[in-house]
Amino acid sequence: KLFKDVIGQKDVCKSLQAILKGKNAHGFIFTGPSGVGKTTLARIVAAKLGCHPKNLLEIDAATHTGIDDMRQVAQQLQYKGLHGSEFRVAVVDEAHSLSKAAWQSLLKSVEEPPEHGAWIFCTTESGKIPDTISTRCVSFNLRPVRREEMFTFLQKIASEEKLGTNEKVLRAIAAASEGSPRRALSQLAAVGGCTDPDEALELLSQCNEDGDHVVSLCKAFMKGESWEKVSIILK
């Protein structure tokens, strides 16, 4: 929930804090590999801008790719928020999935956002963000977390959760996570209860690398998405 708690992105956090002091940025783009903290940073930025959690609009572009979906979000952003805060923020996750027409429908809102609103786009494929959008936003590229920093992070979590996980296993998770804290936490959850390091390492080798898609599928079910949108994730 705070910049100081974000691991592996010290320079990005420092730059964001400097920009937010000016209070005149209304468009942000976070790029980088899956699970390194793009959406987490988006939520922190939204909070720092003064956006109440109930005024935060989070959109999964992988299932809301069309022009109608984005027009609806842009329209919502025009209205001031409630719940004790007027500021509203639209966070578009998997932004590279948006259609060309959807991007075009957002151009005016991104170019001339309301004083009480801001856009944040998160993507693993920065090349798919149109220049007309990227030139109107401040962009940050998040990098994979270094292995030793990941190990320290896992040690802290294992200690707080009283998992008693072997150091050898934690180092193996740090190496297998490929710099993604989200993946590391999923793997820790899968093997955290193992008392035998060899058993834990065997389980770790079997961890499903399609975990991100499983998370997206669960989110779609929880939101009651249509079969058409769920089938996109399944494909």
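Residues numbered from 1 in each chain as written. Predicted model: local features only at pLDDT ≥ 70, side-chain atom pairs only at ≥ 80, totals over all residues. Heavy atoms only, no water.

Some remarks on the pattern of salt bridges
Okay, step 1: Applying the stated criterion across every chain yields a total of 10 salt bridges.
Okay, step 2: The closest approach of N and O atoms between Asp5 and Lys4, which form a salt bridge, is 3.4 Å.
Okay, step 3: Between Glu125 and Lys128 there is a salt bridge whose closest N-O contact spans 3.1 Å.
Okay, step 4: For Glu125, a relative accessible area of 33% puts it in the partly exposed group.
Okay, step 5: Its relative accessible area of 45% is what places Lys128 among the partly exposed residues.
Okay, step 6: Members of the salt-bridge network, linked through shared partners, are Glu148, Glu167 and Arg171. (Salt bridge = Lys/Arg side-chain N within 4 Å of Asp/Glu carboxyl O. Buried < 20%, exposed > 50% of the residue type's maximum accessible area, 1.4 Å probe, protein only.)

Topic: the nonpolar core
Okay, step 1: Core analysis: the largest hydrophobic core is formed by 26 residues, its most contacted members being Leu16, Phe28, Phe30, Leu41, Val45, Val89 and Ile120.
Okay, step 2: Secondary structure elements with two or more residues in this core: helix H1 (10-22), strand S1 (27-31), helix H2 (38-48), strand S3 (88-93) and strand S4 (117-123).
Okay, step 3: Tallying contributions element by element places H2 first for this core, with 5 residues.
Okay, step 4: Listed in part, the 21 residues of the second largest apolar core include Ala61, Ala74, Val92 and Trp103. (Core = buried A, V, L, I, M, F, W, Y, C linked by side-chain atoms within 4.5 Å. Helix = DSSP H or I, 4+ residues; strand = E, 2+ residues; numbered from the N terminus.)

A look at the side chain of His116
Okay, step 1: Within the secondary structure layout, His116 lies in the loop between helix H4 (100-111) and S4.
Okay, step 2: At a separation of 3.2 Å, a polar atom in the side chain of His116 contacts the main-chain carbonyl oxygen of Leu77.
Okay, step 3: If sequence neighbours within four positions are ignored, His116 has contacts with Leu77, Gln78, Tyr79, Lys80, Glu86, Phe87 and Arg88. (Polar contact = N/O pair within 3.5 Å; in protein donor to acceptor, adjacent residues only side chain to side chain. Contact = heavy atoms within 4.5 Å.)

A few points about the packing of aromatic side chains
Okay, step 1: With the rule as written, the count across this model stands at 3 aromatic pairs.
Okay, step 2: Here the aromatic rings of Trp103 and Phe121 are separated by 5.3 Å at their centres, their planes lie at 55°, and the arrangement is tilted. Of the two residues, Trp103 sits in helix H4 while Phe121 sits in strand S4, which places them 18 residues apart along the sequence. Across this residue pair, the class does not change: Trp103 and Phe121 are buried. (Phe/Tyr/Trp six-rings, centres within 6.5 Å; stacked < 30°, edge-to-face > 60°.)

Quick look at the sheet that holds S4
Okay, step 1: Spatial strand order, S2-S3-S4-S1-S5: 5 strands in an open sheet with parallel pairing. In this open sheet, the two strands that pair with only one neighbour each are strand S2 (56-60) and strand S5 (138-141). Looking at each pair of strands side by side, their axes are set apart by 15° on average, direction ignored.
Okay, step 2: Against the sheet, H1 touches S1 and S5, its axis set at about 165° to S5. (Pairing = 2+ DSSP bridges. Axes fitted to C-alpha atoms, helices over the stretch in contact; angles between N-to-C directions.)

Overview of helix H7 (residues 167-176)
Okay, step 1: Turning to H7, its buried residues are Val169, Leu170, Ile173 and Ala174. Projected down its long axis, H7 shows its buried positions confined to an angular sector of 140°, all on one face.
Okay, step 2: Among the structural elements, helix H6 (147-160), helix H8 (181-191) and helix H9 (197-205) are those in contact with the buried residues of H7.
Okay, step 3: Two or three places before Lys168, at the start of H7, stands the capping residue Asn166, its side-chain oxygen 2.6 Å from that residue's backbone nitrogen. (Arc of directions from axis to C-beta.)

Notes on the packing of H8 against H9
Okay, step 1: The contact between H8 and H9 brings their axes to 9 Å, and the two run at 135°. Comparing the axis directions of H8 and H9 gives the class oblique. Here H8 runs over H9; the crossing is right-handed. Here H8 contributes Gln187, Ala190 and Val191 to the contact with H9, which in turn contributes Ala200, Leu203 and Leu204. (Parallel < 35°, antiparallel > 145°, perpendicular 65-115°, else oblique. Left-handed = near helix turned anticlockwise from the far one by under 90°.)

As for the confidence of the model for the protein
Okay, step 1: Residues with a pLDDT of 70 or more make up 97% of the protein, whose mean pLDDT is 91.
Okay, step 2: Mean pLDDT per element in the protein: helix H10 (residues 211-222) is the minimum at 78, and S1 is the maximum at 98. (pLDDT = per-residue confidence, 0-100.)

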